[in-house]
Amino acid sequence: MAPSPKVAEAIARAEGSSAADKAPLYESLLGDIKTLSSPATAADDLEAVTDSLFGQSLGVVSTRAVLAVLVGTLEALRDGDLCIAVGRHALSRLAAQPSSFADAAADLGALVAAAHEANDDFAEAARALAAIPLDGAAHQRKVGDADRARVWIRIVRNYLEVGDSPAAETYLNKLKNMMHTVSADDDPDLALHFKLSQARIQDAKRDFLAAAGRYHDISFAPAIAEEERLHTLAMAIKCAILAPAGPTRSRALARLYKDDRAPQLPEFAMLEKMFLDRLLAPDEVASFARALQPHQLATTSDGSTVLAKAVVEHNLLGASRLYDNIRFDALGALLGLDPDKAEQTTARMIEQGRLVGRMDQLDGIVWFEGGEASGENGSGHARESVGKQIRKWDANVESLAQQVEQVTNSLQKEFPDFVATHLAV
């Protein structure tokens, strides 16, 4: 559309002026845009000014100055949709210009991205930020590592807002190669957002143990408010609960359980039962599930949810503390699985070193050996030595006999006459 009459007149005046007066006239036009234009025609007017600007031979220095005024004008107008429309139009014109205008392209890209973020259009914001020229050698623009990292971390956070963790991870991997050059003391917020982005991506990828550790570390950061520290602690507990049962998760649960802040969180009841290896009831699991995010309730390859799988494995560990042995049909009833599924789950955990025991598939029995698993593949299978069960029985009988003898000695010391009358030797 054509610009409004007043703006068209001002553009014609700038185009017909001498070379020395062009840049000041464009700057003056942009400064007076509020009075010359209206909200209904502002986008068309500013796009017309941009087109006219690139149609004149102002020189690199003068063009940069006018573009800086254009960015300032858009910021002052505080209209997100206007910033997006005009910013995109200006960037399309800049794409055909020499790399001398990389600074202006970066400023316009950041402005468009901020407008998209304000509109909660995070995917478009990430794409706008990704288009910002950051290669100083290619664009004759000096970009420090800290500035580059700030742009990339914004891209990561925007992609995470829309659940695109693969795209976010691409930029996070770029950050990993340069974060050592950015001082955490100079920009603590940047370092904090980097760690938080790592945790969120690990969480999204279901690397729950690693995510739990990072969330817990972040929960101690003094740079964030107490409410946010408690939120990240709660996320750490959720991730630890969802992690595969085994010795590594047990250590993570112990660390969280000993945190003095944990009891004030709603997730503490679930954490305590898991840490103490107590069996979880279905109603407790359902209540916990309501606080989880969608990706934490995703269905796995075997058709069960991440939470359901974690609970089954935990209850299997809990059963190993209660029983020396149990048939697969009884174990399945305890875990809410059919016998075959219970057998498969038990076999997998033993093979992966997350449960110590052995299986008798002919009789359909699993024998729990007790003790802590090592977490190493193949180490969960206990090699039974000859007569091991007999020696265990003998040890139990010996322990009982010793306890009876201790009781008899105590009675003889306190009530010697009674013992002398009633003790049968």
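Residues numbered from 1 in each chain as written. Predicted model: local features only at pLDDT ≥ 70, side-chain atom pairs only at ≥ 80, totals over all residues. Heavy atoms only, no water.

Taking an unreviewed UniProt entry as the reference, the protein chain is identified by name as COP9 signalosome complex subunit 4 belonging to Cordyceps javanica. UniProt's Sequence similarities (unreviewed entry) comment on the protein chain is quoted here verbatim: "Belongs to the CSN4 family." (UniProt positions renumbered as here; feature names shortened; annotations may be inferred.)

Caption draft 1: Region of interest: the pattern of salt bridges. Using the criterion set out here, one finds 17 salt bridges in the structure. As a salt-bridge pair, glutamate 284 and lysine 273 come within 2.8 Å of each other at their nearest N and O atoms. With glutamate 284 in helix α17 (residues 282-289) and lysine 273 in helix α16 (residues 268-275), this residue pair connects regions lying eleven residues apart in the sequence. The partly exposed category is assigned to lysine 273, whose relative accessible area is 23%. (Salt bridge = Lys/Arg side-chain N within 4 Å of Asp/Glu carboxyl O. Helix = DSSP H or I, 4+ residues; strand = E, 2+ residues; numbered from the N terminus. Buried < 20%, exposed > 50% of the residue type's maximum accessible area, 1.4 Å probe, protein only.)

Caption draft 2: Here's a closer look at the environment of proline 247. Note on placement: proline 247 falls in helix α15 (residues 247-257). Spatially, the C-alpha atoms of proline 247 and leucine 297 are 23 Å apart, while their sequence positions differ by 50 residues.

Caption draft 3: A look at a nonpolar patch on the surface. A cluster of nonpolar side chains, namely Leu279, Leu322, Tyr323 and Leu334, defines an oily patch on the protein surface of about 330 Å² accessible area. Looking at where leucine 279 falls in the secondary structure, it is placed in the loop between α16 and α17. For leucine 279, a relative accessible area of 30% gives the class partly exposed. (Patch = residues over 30% accessible without salt bridge, like charges linked within 9 Å, V, L, I, M, F, W, Y side chains within 5 Å. Areas by Shrake-Rupley, 256 points an atom, 1.4 Å probe, with all protein chains shown as cover.)

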